[in-house]
Amino acid sequence: MDLTQKEYIVILQCHIVKERCPGYLCERALHERTGGFAEYPRDKSYRYLSLTCGGCCGRATHRKLTNLVRTIGKKEGVGKDQIVVQLSSCITNDNYHAPPCPHLAYLKTLIERIGLDLREGTVISAKSEQRRRGGSYRR
Ligand code: SF4
Ligand code: SF4
C-alpha cells in the first residue's frame, strides 16, 4: 500500500471503548506519526475522521463507510483508492480495556468488501509492549 497516495484516513474505533475514551491517543499517534501511523510520511498532511463500529457485531461499519465513500466521492471526487481505514489498537490488540475485538475478522471482511485499504493498530503504549514481551498480552 502506497501511503503517499492516500488523502483521507478513517480511524475506526471500538464503540464500547469509546463510551469512555475520547480517542485522543489515536489522534496524537497520527499527529506524531507513531505506532500504527509511523509509516505515514511526516511531510504530508492528511484529512481524517474517526468513527466507531456502531457496537457489536460491528455491522454498522459497512453502512457508515459506504455512506462516506459515496458522499466524499460526490462532494470532492475522493476515490476509494485515496482512503485508508486504520483500525484502532483497542480493536486489534490486547490492551488496557480488553482483549482484541472478538469480531475483528468480520470487521475486516466488511471493510474489504467495500474495497477500502485497511491497516491495523493506532496507539502502541510502552506498557502494552512490556506486557506483550512478558507474555501477558498475546497480541
Ligand atoms: S486505541 Fe486507545 S485512544 Fe484510540 S480509541 Fe482505542 S482506547 Fe481510545
Ligand atoms: S464489534 Fe468489536 S470493536 Fe465493535 S463494539 Fe464490539 S468489541 Fe468493540
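Everything quoted here is computed from the prediction, not taken from an experiment.

Engineer: Got a minute to help me understand the nonpolar core in this structure?
Structural biologist: Within soluble globular proteins, side chains that are nonpolar tend to cluster in buried spots. Counting residues in each nonpolar core, the largest one holds 24 residues, and the members touching the most others are Val10, Leu12, Leu65, Ile83, Val85, Ile111 and Leu116. Counting only elements with at least two residues in this core, the list comes to strand 1 (8–13), helix 2 (60–76), strand 3 (83–87), helix 3 (89–92) and helix 4 (104–114). The residues touching Ile83, leaving out its near neighbours within four places in the chain, are Lys6, Tyr8, Val10, Val69, Ile72, Val78, Leu116 and Asp117. Residues Leu3, Ile11, Leu30 and Tyr40 belong to the second largest nonpolar core, which totals 10 residues.

Engineer: Before we go on, may I ask you to explain the environment of Asp117 in this structure?
Structural biologist: Counting through the fold element by element, Asp117 comes out in strand 4 (residues 117–120). In the structure, Asp117 is positioned 18 residues away from Gly135 in sequence and 30 Å away in space, judged by C-alpha atoms. Those residues in contact with Asp117, other than ones at most four positions away along the chain, are Met1, Lys6, Ile83, Val84 and Val85. Within the structure, the side chain of Asp117 is placed 2.7 Å from the side chain of Lys6, a separation counted as a polar contact.

Engineer: Would you take a moment to explain the site of ligand 2 for this structure?
Structural biologist: Neighbouring ligand 2 are the residues Cys14, His15, Ile16, Cys53, Gly55, Cys56, Cys57, Gly58, Ile91, Cys101, Pro102 and His103. Broken down by class, the residue content of the shell around ligand 2 amounts to 8 nonpolar, 4 polar and no charged.

Engineer: Please clarify how helix 1 (residues 24–32) should be interpreted in this entry.
Structural biologist: The periodicity of an α-helix, 3.6 residues per turn, causes residues three or four positions apart to be oriented the same way. Of the residues making up helix 1, those classed as buried are Cys26, Ala29 and Leu30. All buried residues of helix 1 lie within an arc of 100° about the axis, which places them on one face of the element. Contacts from the buried residues of helix 1 go to strand 1 and strand 2 (47–52). Positive backbone phi, at 55°, marks Arg33, one or two positions downstream of helix 1.

Engineer: Looking at this structure, how should I read the pattern of salt bridges?
Structural biologist: Pairing between side chains of opposite charge can happen when their charged atoms approach one another. In total, this model carries 7 salt bridges according to the counting rule given. Among the ionic pairs, Glu7 bridges to Lys44, the shortest N-O distance being 3.2 Å. Taken together, the positions of Glu7 in the segment before strand 1 and Lys44 in the loop between helix 1 and strand 2 put the pair 37 residues apart, joining distant regions of the chain. Overall, Lys44 belongs to the buried group, its relative accessible area being 18%. In the salt-bridge network here, residues are joined through shared partners; they are Lys108, Glu120 and Arg139.

Engineer: Would you explain the sheet that holds strand 2 in this entry?
Structural biologist: To summarise the sheet geometry, strands pair through backbone hydrogen bonds and adopt either a parallel or an antiparallel arrangement. Pairing is parallel in the open sheet, where 4 strands are placed in the order 2-1-3-4. Only two strands of the sheet have a single neighbouring strand rather than two, namely strand 2 and strand 4. For this sheet the average axis-to-axis angle between neighbouring strands, irrespective of direction, equals 25°. Sheet topology places strand 1 next to strand 2; 6 bridges connect them, and they run parallel. When the sheet's bridge partners are listed, Leu12 is paired in strand 2 with Leu51.

Conventions adopted
- Residues numbered from 1 in each chain as written.
- Chains lettered and ligands numbered in written order.
- Predicted model: local features only at pLDDT ≥ 70, side-chain atom pairs only at ≥ 80, totals over all residues.
- Heavy atoms only, no water.
- Core = buried A, V, L, I, M, F, W, Y, C linked by side-chain atoms within 4.5 Å.
- Buried < 20%, exposed > 50% of the residue type's maximum accessible area, 1.4 Å probe, protein only.
- Helix = DSSP H or I, 4+ residues; strand = E, 2+ residues; numbered from the N terminus.
- Contact = heavy atoms within 4.5 Å.
- Polar contact = N/O pair within 3.5 Å; in protein donor to acceptor, adjacent residues only side chain to side chain.
- Near = heavy atom within 4 Å.
- Nonpolar A, V, L, I, M, F, W, Y, C, P; charged D, E, K, R; others polar.
- Arc of directions from axis to C-beta.
- Salt bridge = Lys/Arg side-chain N within 4 Å of Asp/Glu carboxyl O.
- Pairing = 2+ DSSP bridges.
- Axes fitted to C-alpha atoms, helices over the stretch in contact; angles between N-to-C directions.

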